[in-house]
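Residues per chain are reported as follows:
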Amino acid sequence: VTCADVEKLVHPYVDGEFDTVERVAFEAHLAGCRTCRELVGFQTSFKASLRARVRRPEPPPELRGRILGALDQADAAGDGPAPPLWRRAIPLTALAAIAAAVALFVGTSLSSRAASPIVEEAVRGHEKHLPVEVGGTEENVKSWMVGKVSVPVRPPRIDRSARAVLVGARLHHLRNRDAAQLVYRITDGQGRPGGDAQVTVYVFDAEGVPLEGRRQVVMTGRGGAGAARELYTGESHGHSVVLYRDRGVGYAFTSDMGPEELIRLVSASLD
Ligand SMILES: [Zn+2]
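Residues numbered from 1 in each chain as written. Predicted model: local features only at pLDDT ≥ 70, side-chain atom pairs only at ≥ 80, totals over all residues. Heavy atoms only, no water.

1. Quick look at the nonpolar core
One broad trend across soluble globular proteins is that nonpolar side chains are buried collectively.
Point 1. Core analysis: the biggest nonpolar cluster contains 31 residues, and Leu182, Val199 and Phe253 have the highest contact counts within it.
Point 2. Only α7 (138-145), β2 (164-174), β3 (177-187), β4 (193-205), β7 (239-246), β8 (249-255) and α8 (259-270) provide two or more residues apiece to this core.
Point 3. If one sorts the elements of this core by residue count, α8 sits on top with 5 residues.
Point 4. Among all residues touching leucine 182, those that are not within four sequence positions of it are Val141, Val153, Pro155, Pro156, Leu166, Gly168, Ala169, Val199, Thr200, Val201 and Val203.
Point 5. In this structure, Val123, Leu174, Leu211 and Val241 belong to the second largest nonpolar core, which totals 15 residues. (Core = buried A, V, L, I, M, F, W, Y, C linked by side-chain atoms within 4.5 Å. Buried < 20%, exposed > 50% of the residue type's maximum accessible area, 1.4 Å probe, protein only. Helix = DSSP H or I, 4+ residues; strand = E, 2+ residues; numbered from the N terminus. Contact = heavy atoms within 4.5 Å.)

So, in C-alpha cells, the structure goes:
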C-alpha cells in the first residue's frame, strides 16, 4: 500500500468497506505515514460532521422489500454486481502474504485456556478488527470521546519508543460499559510498518470492575525510579492482555505479542 493507494482508497476505508486483510494492509501503511494518517483523520471527522448535520430520510417500507427482491433475482440469474474497483487496487501478492499471516494466527488461536471475563472480552473486541470511527492525532481522539465515555480518554503515549503509532479509535464496550477502543499499529521504530501487529487499548470507567489476572508490580519513572504500579496480565486465544487502573480509569492493553513484550510496552508508556 502506497500513499497514492491511500488517497484513492480513503473513502471505502473510512466507510468500513474493507475486509480484515485489506484493513490490516491499509493500516500498516497509516502507522508508518503521518501524511496519510492526517488525511484519514480529516476524512473521518469530515464525514462524521456531515452525518451529524444531514437527516437520514425515511424510505417507504415497501422500497426495501422491492430492492431485496431485485437483488435476490440478480443473484439467482448470476448477474450480480462486479467487485468494486478498489478491491483490485491492492496487489494480490500483498494480500496473499497477509492472508497467510492471518491464517497462521487463526491456527494458533485454537488452543484456548479459561481466562477472566474482562480478558476474554478485551480479546474478542480486539479480534474483530473493526474500522476506526475517528482517526488522526491524540487530540482528535480525546475530544471525539468527550460525552461518549464517562471518563476522560487520554491515549497512552506508547509511541514514545517510536514503535507503536496511534491509528485511531472507536467507541466499544467492556464489562457492560462504554469504553474507548484505541488502535495502535506496531512499526519497526524508523516509522516504517512492522507487519500486521496491532495493540488495542481500552479506556473505561473502572468503578466496580475487578481487574483480574496474574499480578505484576512494575516500577515506573525514568530508569524505574518512580512509583510502584500494579499490572494484571491474562491470556486468551493466543493474545495477551495487560490491565491497570489509574485514578479510577481502567486501561486494558490487548495484543498478539507475548505477555513479557506487552508488559515492557505498557511500562514504557507509564514512564
Ligand atoms: Zn502515506
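2. Quick word on the coordination of the zinc ion
Point 1. With distances of 2.0 to 2.4 Å, the protein atoms coordinating the zinc ion are Cys3 (SG), His29 (NE2), Cys33 (SG) and Cys36 (SG).
Point 2. Each of the 4 donor atoms bound to the zinc ion contributes to angles spanning 104 to 116°, and the resulting shape is tetrahedral.
Point 3. Between the donor residues of the zinc ion, the gaps in sequence give the motif C-x25-H-x3-C-x2-C. Each member of the pair cysteine 33 and cysteine 36 is classed as buried. (Donors = N, O, S within 2.8 Å, 3.2 Å for Na, K, Ca; no water. Tetrahedral: all angles 85-135°; square planar, octahedral: opposite > 155°, others 65-115°.)

3. Points about helix α1 (residues 3-14)
Point 1. Between its first and last C-alpha atoms α1 spans 15 Å; for 12 residues at 1.5 Å apiece the expected length is 16 Å, and the two agree.
Point 2. Taken together, the buried positions of α1 are Asp5, Val6, Leu9, Val10, Pro12, Tyr13 and Val14.
Point 3. Close packing links the buried residues of α1 with α2 (20-32), α3 (34-53) and β2.
Point 4. Where α1 terminates, the next one or two residues include glycine 16, which has phi positive at roughly 75°. (Expected span 1.5 Å × (residues − 1).)

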